[in-house]
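For reference, the chains in residue letters:
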Amino acid sequence: MISQTDLCHARILIVDDQPVNVELLEYLLNATGYQAVSSTTDPRVVAGWHAEHRYDLIILDLQMPGMSGFEVMEALKPLEPDGWLPVLVVTAQPDHKMRAFESGARDFISKPFDPIETLMRIRNMLEMRLLHARERGYNARLEQTVRDRTAELQRFRSAMDATADAIFLLDADSAEVVDVNDGACRMLAYPRAEMLGQSASRLGLGPPDELRRQAERMADYAAAVGPARAPELAELELMRRDLIAVPVELYWQLLQRPGQPSVMLGVARDISERRQSEELLQRMAHYDSLTGLPNRTLFFKTLGDVIALAQDKAWRIAVLVVGLDRFKGVNDTLGTGRGDELLRQFSGRLVQCVRIRDTAGRLGGDEFALILTMNRDQQDAVNAANEVRETLRQPFELEGQQAVLSASIGIAMYPDDATDPETLVKYADTAMSRAKQAGRDGYRFFTAGMNVQVLARLDMELALRRAFDNDELRLHYQPKVNLHTGGIAGVESLLRWQRPGFGLVYPAEFVPVLEDTGLVVRVGNWIIDAACRQIAAWLRDGTGPVRVAVNVASRQFVEGDLEQVVRDALARHAVPAELLELELTETALMSNADRTITVLKNLRASGVKVAIDDFGTGYSSLAYLQRFPIDKLKIDIAFVREITTNPNDAAIALAIISMAHSLKLQVIAEGVESRAQLEYLRRSRCDEIQGYFFSRPLPPDELGRLVRSGSGVPPAPGTASQPPQTLLIVDEDANVLAALHRLFRRDGYQILTAATPTEAFELLALHPVQVVVCDQRLPVMSGTEFLSKVKEMYPETIRVILSGDTGLEAVLDAINRGAIYRFYTKPWDDTQLRDNIRLAFHHYWLMHGSGKLAGAPGEDSTALPRVAQEVK
């Protein structure tokens, strides 16, 4: 790094034909602490002076009589063999800047001077020049060192090349490879010249810092005790040129000679054959020789490791013990050879039943086991058990003979049943025995409590199958509101289950069962028919036309005839197609995309509308938006929940709205629960909203009454023909808020006050605000942090800090980044502060207009006579 002392003593030459410019630059540099500043108004002496003094920086004016700055740079080039001219040009003509760079200048200063920018560019140039000079000196010293060491290493090369082992010589200070023998080149498949260009870490010898510490440790030992009796030994893997790892035994020794740099000598011996033998022994000790699965020893060790990880991750673990039913009879009848083949084939099928992160093993004989990690309930264990049972349905081909088996499976859970591997396996084995006793080809959980839970799910599945016959399914409808008109634009149908003895059941509890069992297609068809039937009922009872959106699952495209189902429902109930809207997730669109496109195009041609649900959480691709026939995008609730306080969510929502409108699509936001969210979306040109702020999902009768009542959302605040002058004041001190409210009230502003950033964000969403004044000390976040977020979400606002906080670094940084327009201190002068806020409003209207004539009497109440004159 370049120190401040180095910078202050750097040699600087100022060249300008205007003495006033020279004096100004000399004053700036001397005041900043630079001590070696020279100057001249004669450009013809520059080359000679530079040859004598070797300046670190030449501040050169381009426009000078007698000799231009470009001619000066040409005269300097022979003095800098490497072409690095330490020239910072000064010019007021933009077209000269590129030419100056082409002539060799490193940077430029524009006239008139900005003192801060000038000093920063001078400092940057000096740091670059000094670093360049330091690097050039270091390279020269390094080249000399290499020449000296090469002569010495040459004497060792013949001896090094005579051994079959790989020998590496490393500089002990830099840990760089300085020489290798032919054995190293053969082992790693590098030419010698290319090997010397590789880093020690690239070859696998170790990180440079670790090698340097090892050299220091060996040097300290030699200084205290004497030379080591034996080299240091380590086992590691070197990396060949073709990226194949070579296991080696590496001996390190430190070579020290008086007056010469220390060298680390490494001798590597290939131990690939020994490593292979060890791995074979290790595999034989931990894997079953017949099936290749982990044996009992490795299975228990793996289970212990998974339990330790589950304790940290709050996972649940299922251990399944699988026993093949009547295997002994097959083994006795067909012989042990065919019995072994059956076990091999079953182990292959078993591995295909588990996920990558799960483990399968053989405990012995005809008993196998699985380790499953889960996040919630034990349903994954049930699914795995059923899949194992299904794999046995297909006959095994055993040398011309067929065999069909079943399996009994026992399941034990961590941490419900036990927390150690031995007990878990014992409990699962006990449950497996109970499954055999119950008639084989089944599974049992170890505890009665888990069996009850599984039975409850089975009961729900059976109850769902009966729900169609018993007319237990219901549709509720949540209104969608048009933000342009404020009226109801349609509804979304939401499934409910009126389960006898349980009351109203919400979809989150039973939809997963529908998907797992395949009932989702049947239910989806029922929903389409029920929605069309309700549309017809509303048309008859005077409610009028209500567009209903229906959610469609991906399996309805794959397994059902969705197009025919929709057409039949529309025809059966004599419903206009334009009153039905299909909502699909992005995943549903992409499953069997070609068929989906065909179906949607046909339905859309008949008048049915198509919307993308939960947009932004799946593929979110412009490519499929162009391919699919789509009318509307629905912004997912995840981006709406914090849209008034989170700039990232707001940016995503605004991007979706803008993209959709550019594609001639409408946009609806779901999950709107507050007035602030509604107003922010309305001001962002969102077309529709849906959520609890307007209405919860309602039964059909209540929804009909709501539509007939003509209810809608209130109009946007501040919709007058002339926008108000709105000032937002944010300060946690109630006395300060009251004082500022009194102060600015006389200027006719609409004044909003907030004590916290949360309140302020809500007010910003509700009202068009031109000027924001806030304290630096706020709860939750600082004033600069708050205004930085305001800049991202409301870039047109004028943002002001009014604070007594003396920590100005963050404030100045925010001003430099454009997050803050002005910074004023407490206590304030009433007259001066009123004038400054008027000027802020005046600046806003100058920049953004919005119907007011900035500075005109009677139009702009913020205009000051003095300011108006300056503007003219």
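Residues numbered from 1 in each chain as written. Predicted model: local features only at pLDDT ≥ 70, side-chain atom pairs only at ≥ 80, totals over all residues. Heavy atoms only, no water.

(A) A look at the overall build of the protein chain. Along its length, the protein chain carries 34 helices and 31 strands. For the protein chain, the spread of C-alpha atoms along the principal axes amounts to about 105 × 100 × 55 Å. Taking all 872 residues of the protein chain together, 48% fall into the buried category. Counted over contacts in the protein chain with a minimum sequence separation of 6, partners at least 24 positions apart contribute 64%. When the accessible area of the protein chain is evaluated, it comes to approximately 42,200 Å², of which 51% is carbon and sulfur surface. One way to put it: in the protein chain the 97 positive side-chain charges average out to a point 3 Å from where the 118 negative ones average out. (Helix = DSSP H or I, 4+ residues; strand = E, 2+ residues; numbered from the N terminus. Buried < 20%, exposed > 50% of the residue type's maximum accessible area, 1.4 Å probe, protein only. Contact = heavy atoms within 4.5 Å. Areas by Shrake-Rupley, 256 points an atom, 1.4 Å probe, with all protein chains shown as cover. Lys, Arg positive; Asp, Glu negative; His and termini not counted. Charge placed at Lys NZ, Arg CZ, Asp CG, Glu CD.)

(B) A look at the side chain of H661. Within the secondary structure layout, H661 lies in helix 26 (residues 647-662). Separated by 3.2 Å, the side chains of H661 and R685 make a polar contact. (Polar contact = N/O pair within 3.5 Å; in protein donor to acceptor, adjacent residues only side chain to side chain.)

(C) Fine view of the sheet that holds strand 6 (residues 166-171). Ordered in space as 7-6-10-9-8, the five strands form an open sheet in which the pairing is antiparallel. In this open sheet, the two edge strands, each paired with only one partner strand, are strand 7 (177-180) and strand 8 (232-239). Each neighbouring strand pair of the sheet contributes to a mean axis angle of 30°, computed without reference to strand direction. Summarising the sheet, strand 6 and strand 7 pair through three bridges and their orientation is antiparallel. Bridge assignment links F168 to a residue of strand 7, and that residue is V180. Contacts from helix 11 (residues 272-286) reach strand 8, strand 9 (245-255) and strand 10 (263-270), with the element oriented near 125° to strand 9. (Pairing = 2+ DSSP bridges. Axes fitted to C-alpha atoms, helices over the stretch in contact; angles between N-to-C directions.)

(D) Local environment of a nonpolar patch on the surface. Residues Y138, L142 and V146 make up a contiguous nonpolar surface patch of about 260 Å² in total accessible area. Here V146 is to be found in helix 6 (residues 115-161). Take V146: its relative accessible area is 44%, and that puts it in the partly exposed class. (Patch = residues over 30% accessible without salt bridge, like charges linked within 9 Å, V, L, I, M, F, W, Y side chains within 5 Å. Salt bridge = Lys/Arg side-chain N within 4 Å of Asp/Glu carboxyl O.)

(E) Up close: the packing of aromatic side chains. This model, assessed by the stated rule, comprises 12 aromatic pairs. Judged by centre distance (4.5 Å) and plane angle (25°), the rings of Y749 and F841 are stacked. Of this pair, Y749 sits in the loop between helix 29 (734-745) and strand 28 (750-754) while F841 is found in helix 33 (residues 830-848), placing the two residues 92 residues apart along the sequence. Classification of Y749 by relative accessible area gives buried; the value is 8%. (Phe/Tyr/Trp six-rings, centres within 6.5 Å; stacked < 30°, edge-to-face > 60°.)

(F) Representation of the pairing of strand 3 (residues 57-61) in the model. Across the five residues of strand 3, five count as buried, placing the element largely inside the fold. Judged by which residues are buried, strand 3 turns out to be covered on both faces: L57, I59 and D61 on one side and I58 and L60 on the other are all buried. Pairing of strand 3 with strand 4 (residues 87-91) involves four bridges; the strand directions are parallel. Counterpart to D61 in the pairing with strand 4 is V90. Traced from strand 3 through helix 4 (residues 69-76) to strand 4, the parallel crossover comes out right-handed. (Right-handed = clockwise from strand over helix to strand, strands pointing away.)

(G) Quick peek at helix 23 (residues 593-605). For helix 23, which comprises 13 residues, the first-to-last C-alpha distance of 18 Å matches the rise-based estimate of 18 Å (1.5 Å per residue) to within 8%. Those residues of helix 23 lying buried are A593, T596, I597, V599, L600 and L603. (Expected span 1.5 Å × (residues − 1).)

(H) Representation of the packing of helix 30 (residues 757-766) against helix 31 (residues 783-793) within the structure. The geometry of helix 30 relative to helix 31 is characterised by a closest axis approach of 11 Å and an angle of 20° between their N-to-C directions. By the criterion of interaxial angle, the relationship of helix 30 to helix 31 is roughly parallel. As for how helix 30 packs across helix 31, the hand of that crossing is right-handed. Contact residues: P757, A760, F761 and L764 in helix 30; F786, K789, V790 and M793 in helix 31. Of the residues belonging to the contact of helix 30 with helix 31, the class tally is seven nonpolar, no polar and one charged. (Parallel < 35°, antiparallel > 145°, perpendicular 65-115°, else oblique. Left-handed = near helix turned anticlockwise from the far one by under 90°. Nonpolar A, V, L, I, M, F, W, Y, C, P; charged D, E, K, R; others polar.)

(I) Local environment of the environment of Q556. With respect to the helices and strands, the residue Q556 is situated in helix 20 (residues 554-558). For Q556, a relative accessible area of 2% gives the class buried. In this structure the C-alpha to C-alpha distance between Q556 and A531, which are 25 residues apart in sequence, comes to 16 Å. If we ignore the near neighbours within four places in the chain, the residues touching Q556 are V521, G524, N525, I528, N551, D561 and L562.

(J) Up close: the side chain of D171. Along the chain, D171 falls in strand 6. Among the polar contacts listed, one links the side chain of D171 to the backbone nitrogen of D173, at a separation of 2.7 Å. When sequence neighbours within four positions are dropped, the list of residues in contact with D171 reads R149, E176, V178 and S262.

(K) Summary view of the pairing of strand 21 (residues 548-552). The element strand 21 is largely enclosed, with a buried count of four among its five residues. The pairing of strand 19 (residues 488-499) with strand 21 spans two bridges and is parallel. Within strand 21, the residue paired with V491 across the bridge is V548. In the sheet, strand 21 pairs with strand 22 (residues 580-585) via five bridges, with the strands oriented parallel. In the sheet register, V552 faces strand 22, and the bridge partner there is L584.

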